[in-house]
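Report on the structure
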Amino acid sequence: MLRGQQTWVFENRPVIISSATVVGPDEGEGPLSSEFDTIHSDNTMGQPSWEKAESKMLEDAAAMAIQKAKLNNEDVQFYVGGDLMNQIISNSFAARTLAIPYIGVFGACSTSMESLALASMIVNAKGAHHVLAGTCSHNCTAEKQFRYPTEYGSQKPPTAQYTVTGAGAAVVASHGEGPVVTSATIGKVIDMGIKDPFNMGAAMAPAAVDTIQAHLKDRQIQPHYYDLIVTGDLAKVGYSIAQELFVQNDIPMNQTQYYDCGLMVYDIEKQNVQAGGSGCGCSAVVTYAHILNRIKKGELRRVLIVATGALLSPLSFQQGESIPCIAHAVSIESGVNA
């Protein structure tokens, strides 16, 4: 299964038999609104706290994904998930409700592909028939934990990103119909010394480029192998830096389409989202709604999704530490695995 230094190739071709997404009002006003399963009209979602709202989003997305797969919770052997909150409480509390054996992971905003990669590895190794992968984020919980409470109304620089309020979940199975997961490249921690938490795109871009380069080398392919390569949440600033780094590292990304989920989930010209989207929910809702839909429609055959994460904490920032970053890549292709 290991190919090269960092990549797993899944010869048994785990299949994504279902997925579901739940988002907040800002995401519901973005260009992908018609593809989300549930759009909430306000960020409280009927809950007494932002944190409870985030966990509820994930519970609902997981329940929908399982229902779409025509399964019961008892049919799912494992749930792999994580989020941005301290001790990944959004996922842990949702897992309490789901009552599915739980593997909690943390990769910051890269968690969407980290969880999908691990779920696919378990299924590929015949460790399970069905594994649920999921993640979530909420704008108000992330603001409160990492920056300032939403009620404070602090101003943000143009380099800042807007945490997506959303949850995405997918059921990965050993057999069934749907897009197949063909490989995953696990990233290395890259730290370029950036300390500004309002410039996450610049901090994460080098990690994204490093993982893409490793993926292409390990699989001995060129970018044109994919119809689309998409990073997780570099947004406007990081996306531009990544393009410069591709040129510096002689990665011919002009062979394919390259875009970023943080630029896809919002209309950054019309919505007040600074440089674009970020958060665990960013790449999750774009992938599990828009990208999978395009694969199913036959518009895309092969896609590489590279979710990026900034591995800082409020404590590390307060102590003046720089921001270590990581990116995990998962390749998804059209096909039937029956």
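Each remark here, short or long, concerns the structure printed above.
The text that follows walks through the structure, step by step, so that each part is easy to find. (Residues numbered from 1 in each chain as written. Predicted model: local features only at pLDDT ≥ 70, side-chain atom pairs only at ≥ 80, totals over all residues. Heavy atoms only, no water.)

This part is about the nonpolar core. In terms of nonpolar packing, the biggest core is built from 45 residues, with Leu116, Val230, Val265, Val286, Val303, Val330 and Ile332 touching the most fellow members. Ignoring sequence-local partners within four residues, the contact set of Val230 consists of Tyr259, Asp260, Cys261, Met264, Ile291, Val303, Leu304, Ile305 and Val306. With 38 residues, the next largest nonpolar core counts Ile212, Ile251, Val306 and Ala327 among its residues. (Core = buried A, V, L, I, M, F, W, Y, C linked by side-chain atoms within 4.5 Å. Buried < 20%, exposed > 50% of the residue type's maximum accessible area, 1.4 Å probe, protein only. Contact = heavy atoms within 4.5 Å.)

Turning next to helix α2 (residues 50–68). Over its 19 residues, α2 extends 27 Å from the first C-alpha to the last, a length consistent with the 27 Å expected when each residue adds 1.5 Å. Residues Ala53, Glu54, Ser55, Met57, Leu58, Glu59, Ala61, Ala62, Met64, Ala65 and Ile66 constitute the buried set of α2. Immediately beyond the C-terminal end of α2, within one or two residues, lies Lys70, with a positive phi of roughly 60°. (Helix = DSSP H or I, 4+ residues; strand = E, 2+ residues; numbered from the N terminus. Expected span 1.5 Å × (residues − 1).)

Before going further, it helps to spend a moment on the side chain of Gln6. When you line up the elements, Gln6 lands in the loop between β1 (2–3) and β2 (7–9). The exposure class assigned to Gln6 is buried, which follows from its relative accessible area of 17%. Of note is the side chain of Gln6, whose polar atom sits 2.9 Å from the backbone oxygen of Ile186. (Polar contact = N/O pair within 3.5 Å; in protein donor to acceptor, adjacent residues only side chain to side chain.)

For the rest of this paragraph, the subject is the pairing of strand β3 (residues 15–23). Summarising burial for β3: eight of the nine residues are buried, a large majority. As judged from the eight bridges shared by β3 and strand β9 (residues 166–173), these two strands associate in the antiparallel manner. Directly across from Ala20, in β9, lies its bridge partner Ala169. As paired strands, β3 and strand β4 (residues 38–39) are joined by two bridges and run parallel to one another. The residue bridging Val23 from the neighbouring strand is Ile39, located in β4. (Pairing = 2+ DSSP bridges.)

Here the structure, examined in full by the defined rule, presents six aromatic pairs. The interplanar angle of 85° and the centroid separation of 5.0 Å between the aromatic rings of Tyr225 and Tyr226 together place this pair among those described as edge-to-face. As far as the burial class goes, Tyr225 and Tyr226 line up, both buried. On the basis of an interplanar angle of 85° and a centroid distance of 5.6 Å, the ring pair of Tyr239 and Tyr259 is categorised as edge-to-face. Within this pair, whereas Tyr239 is found in helix α7 (residues 235–248), its partner Tyr259 is found in strand β13 (residues 257–260), the two being separated by 20 residues in sequence. Look at Tyr239 and you get buried, because its relative accessible area is 14%. (Phe/Tyr/Trp six-rings, centres within 6.5 Å; stacked < 30°, edge-to-face > 60°.)

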